[in-house]
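Chain residues, written in single-letter form:
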Amino acid sequence: MKIIADENMPYVDALFGYLGKVEYVNGRTLTPKQVEDADVLLVRSVTKVNAALIKNADKLKFVGSATIGTDHIDVDYLSLRNIYFTNAPGCNATAVGEYAFIAMLELAQRFGESLAGKVVGIVGAGNTGTAAAKCMQAYGLKVLLCDPIKALQGDTREFVSLDTIIEQADIISLHVPITKDGDHKTWYLFDEARLNQLKPNTWLLNCCRGEVIDNRALIKFKQQRDDVKLVLDVWEGEPNPMAELVALAEFATPHIAGYSLEGKARGTFMLYQKWCELLDFPVKKSLESLLPTFQFNQIVSQGDLTESQLLKLSRLVYDLRDDDFRFRGCFSTATGFDLMRKNHTYRREYSAISLTQSVDYLSDGAINPPMLSALGFN
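Heads up: these notes are all about the structure in this document.

Rules of the game
Residues numbered from 1 in each chain as written. Predicted model: local features only at pLDDT ≥ 70, side-chain atom pairs only at ≥ 80, totals over all residues. Heavy atoms only, no water. Helix = DSSP H or I, 4+ residues; strand = E, 2+ residues; numbered from the N terminus. Expected span 1.5 Å × (residues − 1). Buried < 20%, exposed > 50% of the residue type's maximum accessible area, 1.4 Å probe, protein only. Axes fitted to C-alpha atoms, helices over the stretch in contact; angles between N-to-C directions. Parallel < 35°, antiparallel > 145°, perpendicular 65-115°, else oblique. Left-handed = near helix turned anticlockwise from the far one by under 90°. Contact = heavy atoms within 4.5 Å. 1 Å grid on protein atoms, 1.4 Å probe; cavity = no way out; pocket = protein on both sides within 12 Å on 5 of 7 lines; lining within 4 Å. Points joined across faces, edges and corners; volume = space filled by probe spheres on them. Nonpolar A, V, L, I, M, F, W, Y, C, P; charged D, E, K, R; others polar. Pairing = 2+ DSSP bridges. Salt bridge = Lys/Arg side-chain N within 4 Å of Asp/Glu carboxyl O. Phe/Tyr/Trp six-rings, centres within 6.5 Å; stacked < 30°, edge-to-face > 60°. Lys NZ or Arg CZ within 6 Å of the ring centre and 35° of its normal. Core = buried A, V, L, I, M, F, W, Y, C linked by side-chain atoms within 4.5 Å.

**A look at helix α6 (residues 127–138)**
- Between its terminal C-alpha atoms α6 stretches 17 Å, which fits the 16 Å expected from 12 residues at 1.5 Å a residue.
- Turning to α6, its buried residues number three or more, namely Thr128, Gly129, Ala131, Ala132, Ala133, Cys135, Met136 and Ala138.
- Directly after α6, the chain includes Gly140, whose backbone phi takes a positive value near 90 degrees.

Put into structure tokens, the structure is as follows:
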């Protein structure tokens, strides 16, 4: 059995190696010739899987994408060919939620503000939006959810309109898939008109798809409205973001909001589980066995935990400043964007740290252990 896998997917050998021969490829430049004799194709969002790519892949039986979204997959064509397709919804939701929360903590410290007391509007209440909301709510923030599709589907959570979020939220975090048609299309959801509606001092975060914001309009807007602060992980025209926009963002990263080690491992593991299920093979591996022990796996914390201390604790699992610095130094090179994504293997999630409670937790004004647990710490 021949397994073609994106070279940036971790743990493919550990999970699929005993099932067949694994051959790694550049997912962005994958050609029909490279997949024509494949039995299994494992990709990420940078690979367009359609008739042009796999029309001659007569042996192909399984396509797995270690991603939440499916806009890069021609699902109808795969169905027509009787090729099984699966993705990994929710695999990196925790990582994206923590990225958004940590970015907010970083913005608060950089501009001498407190995150506490701010109203957060989350646009898109799927897996990643829900994970982000969980972090914000654990910290005691008021969260407004906007997702008209979820509302129409009968989701019982309370939703508000996008206009309400723009009017009331101090922070707006975007977590929608990219859709170009229909009543609720998200392509250029934030166009020039909507950007100009943002109230003073809004923080705008995009952790989903670059084209959810009109990037050219955003450049023009930001040049006139420096009060609005930007955290951008995704870009129109990836892997070639507009240099003017990178310079205007407070924090800029190369589409790695979901790139925790746990999230990436979970994505590959979910594909492995589904492949074993289809073959009626036993699942011999476990997700836990893949992950290395974290260097800060246990921490004893004493006394009050201020917002600044929570940020320092968060930086143990992910220091956003490092990625921002690296990105600004490499994004303009031919391969800088993708190379940084490929080499991004150090980030962990809050769950990698176990907090040992000391007797000082019992004192008045002490840290709130349930809050840390709700954030995801063990």
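The rest of the description comes next.
**What about the packing of helix α5 (residues 93–110) against α6?**
- With their axes 7 Å apart at the nearest point, α5 and α6 run at an angle of 45 degrees to one another. When the interaxial angle is binned, α5 and α6 end up oblique. Remark: the crossing between α5 and α6 carries right-handed chirality. For the pair α5 and α6, contact is made by Ala93, Thr94, Val96, Gly97, Glu98, Ala100, Phe101 and Met104 and by Asn127, Thr128, Ala131, Ala132, Cys135 and Met136, respectively.

**Side note on the layout of surface pockets**
- Put simply, the second largest pocket is a space of about 450 Å³.
- Around the second largest pocket, the lining comprises 18 residues; the ones closest to its centre are Ser45, Lys48, Asp71, Arg209 and Glu211.
- In terms of residue class, the lining of the second largest pocket is built from 4 nonpolar, 6 polar and 8 charged.

**Observations regarding the sheet that holds strand β4 (residues 62–65)**
- One open sheet holds the 5 strands; their spatial order is β2-β1-β3-β4-β5, and the pairing between them is parallel. At either margin of the open sheet sits one strand with a lone partner, and together these are β2 (21–25) and β5 (84–86). Averaged over all pairs of adjacent strands, the angle between strand axes in this sheet comes to 15 degrees, irrespective of strand direction.

**Considerations on the environment of Ala334**
- In this structure, Ala334 sits in the loop between α15 (320–330) and α16 (336–342).
- In this structure the C-alpha to C-alpha distance between Ala334 and Asn240, which are 94 residues apart in sequence, comes to 8.4 Å.

**A short note on the pattern of salt bridges**
- Across all of its chains, the model carries 23 salt bridges by this definition.
- Note that Lys2 is salt-bridged to Glu23, the shortest N-O span being 3.3 Å. Here Glu23 lies in strand β2 and Lys2 lies in strand β1 (residues 2–6), a separation of 21 residues in the sequence.
- Judged by its relative accessible area of 18%, Lys2 is buried.
- Here Glu23 falls in the partly exposed class, since its relative accessible area comes to 27%.
- Overlapping salt bridges bring together Lys2, Glu23 and Asp37 as one network.

**Thoughts on the packing of aromatic side chains**
- Scanning the model with the defined rule gives 11 aromatic pairs in all.
- Ring centres of Phe327 and Phe331 lie 5.4 Å apart, and the angle between their planes is 35 degrees; this geometry places the pair in the tilted category.
- Through successive ring pairs, a cluster of aromatic residues spans Trp235, Phe327, Phe331 and Phe337.
- Taking NZ or CZ as reference, Arg110 lies 4.1 Å from the ring centre of Phe251, over its face.
- For Arg347, the ring lying beneath its charged end belongs to Tyr318, and the centroid distance is 4.5 Å.

**Digging into the sheet that holds strand β9 (residues 203–206)**
- The 6 strands are arranged β7-β6-β8-β9-β10-β11 in an open sheet whose pairing can be described as parallel. Looking at which strands have only one partner, the edges of the open sheet turn out to be β7 (142–146) and β11 (251–252).
- Strand direction decides the pairing type here: strand β10 (residues 229–232) and β11, joined by 2 bridges, are parallel. Bridging from a neighbouring strand, Val231 pairs with Phe251 of β11.
- In the packing of α6 onto the sheet, the strands contacted are β6 (119–123) and β7, and the crossing angle to β6 comes to about 170 degrees.

**Considering the nonpolar core**
- Judged by nonpolar contacts, the single largest core of 48 residues is most densely connected at Phe101, Met104, Leu115, Met136, Leu375 and Phe377.
- Going through the elements one at a time, α5, β6, α6, β7, β9, α14 (307–317) and α17 (369–375) are the ones with two or more residues in this core.
- Excluding anything up to four places from it in sequence, Met136 contacts Gly97, Ala100, Phe101, Met104, Val120, Ile122, Leu141 and Val143.

**Some thoughts on the pairing of strand β3 (residues 40–43)**
- Residues Val40 and Leu42 of β3 are buried on one face, and the alternating residues Leu41 and Val43, pointing to the opposite face, are buried as well.
- Bridge analysis of β1 against β3 gives 3 bridges, and the strand direction is parallel. Each bridged residue has a counterpart across the sheet, and for Ala5 the counterpart in β3 is Leu42.
- Two strands pair when backbone bridges link them, and β3 and β4 are joined in this way by 4 bridges, in the parallel orientation. The partner of Val40 across the bridge, within β4, is Phe62.

**Quick word on unusual backbone geometry**
- A cis amide bond, omega 10 degrees, links Glu238 with the succeeding residue Pro239.
- Along the chain, Pro239 falls in the loop between β10 and α11 (243–248).
- Despite not being glycine, Tyr11 has its phi angle at roughly 65 degrees, a positive value.
- Of note, Tyr11 is situated in the loop between β1 and α1 (12–16).
- Positive phi values are uncommon outside glycine, yet Asn82 reaches one of about 60 degrees.
- Along the chain, Asn82 turns up in the loop between α4 (75–80) and β5.
- Of the residues examined, Asn82 reaches a relative accessible area of 70% and is grouped as exposed.

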